Amino acid sequence: MNDSTWGAPQGAGYWGAPEMGAAPAGPAYDVRGAQQTRPMPIVPDVPDAGRDADDRDDRNQDAVSVSGPLFRDEKPQEPMSTPLPTPPPPKKRAGRDLRAAIGVGLGLGVLVAGSLFVVKAVFVGVVVLAVVVGLWELTSRLKERKGINAPLVPLAVGGAAMVVAGYVREAEGAWVAMALTALAVLVWRMTEPPEGYLKDVTAGVFAVFYVPFLATFVTMMLTADDGAWRVLTFLLLTVVSDTGAYAVGWRFGTHKLAPRISPGKTREGLFGAVGFAMVAGALCMEFLIDGGTWWQGLLMGLAVAASATLGDLGESMIKRDLGIKDMGTLLPGHGGIMDRLDSLLPSAPVVWLLLVLFVGSG
């Protein structure tokens, strides 16, 4: 481009005024018009200035496609690989060795049933052995974890005497033996330094009530004419309640029952325990207990499911306070003796009382 395109005459200056000494050519020169005329500024040549916008866009797209990403820090997208298959959700697994647990459970069942229906005195000896071992486990864990020295000797001797007294003298004998055992714990602990006396004897009296006293109701059931069937009903209801809670809770359990005490227990498991125990109770009362009826068995099954669950939670509370998983390792797949007695002990007085109310003590 040049200045002539804007209509400025030749020989004019930058602002359009005639140069000095130069005469205007052509028609008369209009000074006022010349002063309003402005030359077009010189625009430097710009590459691609004359190209169409669409043409420039095409070039830019071609440049991008050739040179790669628009920005330097932008990484080109890698081709998507074939997605890996989603792994299946992990299967639920039991927390213990089921084979060992089933084998030990069957062995204990044969021992109990054999002694129960052959010689009642042998079954009383089995109960005594379980009580003594349970007391040993409990006092050992208290000493290891809390430094509590509950005296084992008076507890073991007095506990065995309580179980035998419950079988020989029934309730009166059990109460007397319990009082004497508690007194023996107080006196025995006096032979040691006084530091920790109160906590030691408190734990000892608790152990007297928790293990041997509750176990005496099992031997008191045995004194009836159909005592073996009463004890078998008690054992079946408790075992069926635990089995129903485990089976239903493992398969359908989603809502925690008491997560702070026992995270593995669920409300669905509790419903399973109630349902299984009520059915077992109806069958046992109808076919095993003289004078019993099915509706009594429903009530008994409901009561046993509640007592067994509370007993299980109670021992879980003790173990959580002690910071242990099991009370012992004597029974593979089960833990210790106390880990099997946790639901049996509180259920024994419940079954004994309901049987006395429903069919009498004879």
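This report concerns the structure included in the present document. (Residues numbered from 1 in each chain as written. Predicted model: local features only at pLDDT ≥ 70, side-chain atom pairs only at ≥ 80, totals over all residues. Heavy atoms only, no water.)

**Regarding the pattern of salt bridges**
Next, step 1: In the structure shown here, the tally under the stated rule is 8 salt bridges.
Next, step 2: In this structure, the salt-bridge partner of Lys319 is Glu315, at a minimum N-O distance of 3.8 Å. Placement of both Lys319 and Glu315 in helix 10 (residues 294–322) is noted, with a separation of 4 residues, approximately one turn of the helix.
Next, step 3: The partner of Asp339 in a salt bridge is Lys319, with the nearest N and O atoms 3.0 Å apart. Of this pair, Asp339 sits in helix 11 (residues 338–341) while Lys319 sits in helix 10, and the two are 20 residues apart along the sequence. By the burial criterion, Asp339 is buried, and Lys319 matches it. (Salt bridge = Lys/Arg side-chain N within 4 Å of Asp/Glu carboxyl O. Helix = DSSP H or I, 4+ residues; strand = E, 2+ residues; numbered from the N terminus. Buried < 20%, exposed > 50% of the residue type's maximum accessible area, 1.4 Å probe, protein only.)

**Describing the side chain of Thr238**
Next, step 1: Relative to the helices and strands, Thr238 resides in helix 8 (residues 227–252).
Next, step 2: Setting aside chain neighbours within four positions, we find Thr238 in contact with Val304, Ala308, Ser343, Leu344 and Ser347. (Contact = heavy atoms within 4.5 Å.)

**Considerations on unusual backbone geometry**
Next, step 1: Positive phi, close to 55°, is recorded for Glu170, a residue that is not glycine.
Next, step 2: Summarising the element assignment, Glu170 is placed in helix 6 (residues 170–189).

**Focus: the packing of aromatic side chains**
Next, step 1: Throughout the structure, instances matching the rule amount to 7 aromatic pairs.
Next, step 2: Ring geometry for Trp175 against Phe213: centres 4.9 Å apart, planes inclined by 55°, an arrangement best described as tilted. One end of the pair, Trp175, is in helix 6; the other, Phe213, is in helix 7 (residues 197–222), and 38 residues separate them in sequence.
Next, step 3: For Trp175, a relative accessible area of 55% puts it in the exposed group.
Next, step 4: Phe213 gets classed as buried once you look at its relative accessible area, which sits at 6%.
Next, step 5: Centroid distance Trp295 to Phe358: 6.1 Å. Interplanar angle 65°. Geometry classified as edge-to-face. With Trp295 in helix 10 and Phe358 in helix 12 (residues 344–359), the pair connects residues that are 63 residues apart, well separated along the chain.
Next, step 6: Given the relative accessible area of 41%, Trp295 is considered partly exposed.
Next, step 7: By the ring-pair criterion, three or more aromatic residues cluster together here, those being Trp175, Phe209, Phe213, Phe217 and Trp352.
Next, step 8: Geometry around Phe252 places Arg251 over its ring, the cationic atom sitting 5.1 Å from the centre. (Phe/Tyr/Trp six-rings, centres within 6.5 Å; stacked < 30°, edge-to-face > 60°. Lys NZ or Arg CZ within 6 Å of the ring centre and 35° of its normal.)

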